[in-house]
Amino acid sequence: MKLKIGVLVMSYGTPQSLDQVEAYYTHIRRGHAPTPEQLQELVGRYEAIVGGFFPLRENTDKQVAALQETLNQMTADKNVEFVCYQGLKHAFPFIEDGVNAMAADGIHKGVGIVLAPHYSVMSIGGYIKRAQAQAQEAGVTMKFVESYHLHPKLIDAFAARVAKKLDEFEEAGAVRDQVQVLFSAHSLPERTVQMGDPYRDQLLETSEAVGRKAKLSSWQFTWQSAGRTAEPWLGPDILDTLKELSRKQVEDVLVAPVGFVSDHLEVLYDLDIEAKTVAKELDMRLERIESLNTEPLYMETLADMVMRTSEWERDEDE
Ligand code: FEC
């Protein structure tokens, strides 16, 4: 019989319907309900995005299914079977539900991976902490992938998307080298970097590697989607960066949100609606690279990290 290894595939999570936005937002705010104005503002953002209210849910479902298929194709001739379970940070099925489902299926060895390539104690660190606590309770031994921001297949996937969009700019008459490429990611409170968090450095390393692979003569990194709290968040924010580029007479901008792997609110609203509106006011053309979603190179990145972390070959020899 094949050795069964559980894979806890963790992602941010999104509400299932508009009437669940309040509970979701309250969970993100660690139990503090949003004010009616804050809630209305978030509901308005979900209502505005193209492609359905909550595309992240379907995208995560598809990514989890595709990862399981990729893992089992890559190990078809081995004595191991990977079974994927979804665990979301702020929505059902929660991280704890995913671990419990694994245990209920009689699986006692698991690997956890997050659908976000860069480690921060505030992001991946939080996912792992919750999964580990539940795993101990449920009697599952788990190992975790902490980051995969320089995996060659991930870099290839991002670089191909950048090159494709630059081709389109050229076809539309732009000079390739004059298109300003902006790599972006979700901002975090400044204090995380002061605490020695690797998040910013890992994002710059990804940007550097993608820039090299796509043969960019120049690129810039900028933050997006900063939280609505009083403390300072990492900047510059993309909306300020666009204004700065406009002052330098830049007309064409390509955004590559390398901190995200799916189409969701922070891409479909913050970039496709908010940033594009500002770019239009500044008379700039702004495009963004396609999200990875179930891109095979991304699925292979995840599968490779899971296989390496699970060390199933060693288990097989035991
Ligand atoms: O499509 C969707 O429904 C969900 C899109 C979504 C993703 C996402 C990813 C990350 N976040 C990260 C950090 C923070 C911090 C706060 C925070 C707040 C929000 C709010 C919404 C939201 N985030 Fe998010 N995030 C997404 C959505 N995020 C909605 C609440 C309203 C707002 O502030 O806009 C501040 C709260 C706190 O202190 O926790 C910090 C990071 C990521 C990327 C890594 C990951 O995916 O886990 C980091 C997708």
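Per-chain numbering applies: the sequence of each chain, read as written, is numbered from 1 onward. Under the rules for a predicted model, residues below a pLDDT of 70 receive no local features and side-chain atom pairs below 80 are neither given nor counted, while totals for whole chains, interfaces and linings still include all residues. Side-chain metrics in this entry use all non-hydrogen atoms of the structure; hydrogen atoms and water are not considered.

Novice: I'd like a description of the overall build of the protein chain, backed by residues and values.
Specialist: Going along the chain from the N terminus, every DSSP run of H or I of four or more residues is numbered as a helix, and every run of E of two or more is numbered as a strand. A count of helical and extended segments in the protein chain gives 13 helices and eight strands. Taken over C-alpha atoms, the radius of gyration comes to 20 Å for the protein chain, in line with the 20 Å a tight globule of 318 residues would show. Taken along the three principal axes of its C-alpha coordinates, the protein chain extends 65 × 45 × 40 Å. With 318 residues in all, the protein chain has 52% of them scored as buried. In the protein chain, of all internal contacts separated by at least 6 residues, the share reaching a separation of at least 24 is 79%. Only the protein chains shown count as cover for residues, with accessible areas throughout obtained via the Shrake-Rupley method and a probe of 1.4 Å. Put simply, the protein chain shows about 14700 Å² of open surface, and 50% of that area lies on carbon and sulfur atoms. Here the radius of gyration uses the C-alpha set of atoms, whereas the globule reference equals 2.2 Å times the residue count to the power 0.38. Exposed residues in this analysis have more than 50% of their type's maximum accessible area, buried residues have under 20%, and partly exposed residues fall in between, with area computed by a 1.4 Å probe over protein chains only. Contacts were defined at the residue level, with two residues in contact if any of their heavy atoms lie within 4.5 Å.

Novice: Explain the coordination of the iron atom of the ligand to me, using residue names and the numbers behind them.
Specialist: Donor criterion used throughout: N, O or S atom within 2.8 Å of the metal, extended to 3.2 Å for Na, K and Ca. Water excluded; incomplete-looking sites may result. What the protein offers the iron atom of the ligand as a donor is a single atom, Tyr12 (OH), at 2.4 Å. Among the secondary structure elements, Tyr12 is positioned in the loop between β1 (3-11) and α1 (21-28).

Novice: Got a sec to walk through the site of the ligand? Specific residues and values, please.
Specialist: Around the ligand there are 24 residues in total, and Tyr12, Thr14, Tyr46, Tyr127 and Leu265 lie nearest to it. For this analysis, a polar contact is any N or O atom pair within 3.5 Å, provided that within protein one partner can donate a hydrogen and the other can accept it, and provided that sequence-adjacent residues contribute only side-chain to side-chain pairs. The contact in question runs from a nitrogen atom of the ligand to an N or O atom on the side chain of Tyr12, over 2.9 Å. Take Leu265: an N or O atom from its main chain is 3.0 Å from an oxygen atom of the ligand. Only α1, α2 (36-48) and α10 (265-268) provide two or more residues apiece to the shell around the ligand. Its residues assigned to classes, the shell around the ligand comprises 14 nonpolar, six polar and four charged. A single heavy atom is enough: if one lies within 4 Å of a molecule or strand, its residue is considered near that molecule or strand. Each residue is assigned to one class: nonpolar for Ala, Val, Leu, Ile, Met, Phe, Trp, Tyr, Cys and Pro, charged for Asp, Glu, Lys and Arg, and polar for all the others, Gly among them.

Novice: I'd love a proper account of the sheet that holds strand β4 (residues 141-144), names of residues and values included.
Specialist: Here the rule is simple: two strands pair whenever DSSP picks up at least two bridges between them. Strand order in this open sheet of four strands is β2-β1-β3-β4, and the pairing throughout is parallel. Two strands bound the open sheet, and with one partner strand each, they are β2 (80-88) and β4. Averaged over all neighbouring strand pairs, the angle between strand axes comes to 25°, with direction disregarded. One ladder, built from nine bridges, connects β1 with β2; its direction is parallel. Paired with Leu8 across the bridge in β2 is Tyr85. Comment: axis = line fitted to C-alpha atoms, over the contacting stretch for helices; angle = value between 0 and 180 degrees taken between N-to-C directions. With respect to the sheet, helix α4 (residues 95-104) is in contact with β1, β2, β3 (109-114) and β4, its orientation differing from that of β1 by roughly 170°. With respect to the sheet, helix α12 (residues 296-310) is in contact with β1, β2, β3 and β4, its orientation differing from that of β3 by roughly 140°.

Novice: Give a detailed account of the packing of helix α9 (residues 238-247) against helix α11 (residues 270-281), specifying residues and quantitative values.
Specialist: It is the contact of α9 with α11, at a shortest axis distance of 9 Å, that shows an interaxial angle of 25°. Here α9 is positioned roughly parallel relative to α11, judged by the angle of their axes. Both α9 and α11 take part in a crossing whose hand is right-handed. Contacts from Ile238, Leu239, Leu242 and Lys243 of α9 reach α11 at Leu271, Glu274, Ala275, Val278 and Ala279. Residue classes in the contact of α9 with α11 are distributed as seven nonpolar, no polar and two charged. Every angle not falling under 35 degrees, over 145, or within 65 to 115 is termed oblique; those three ranges are roughly parallel, roughly antiparallel and roughly perpendicular. Rotating anticlockwise by less than a right angle from the far helix to the near helix defines a left-handed crossing, while the corresponding clockwise rotation defines a right-handed one.

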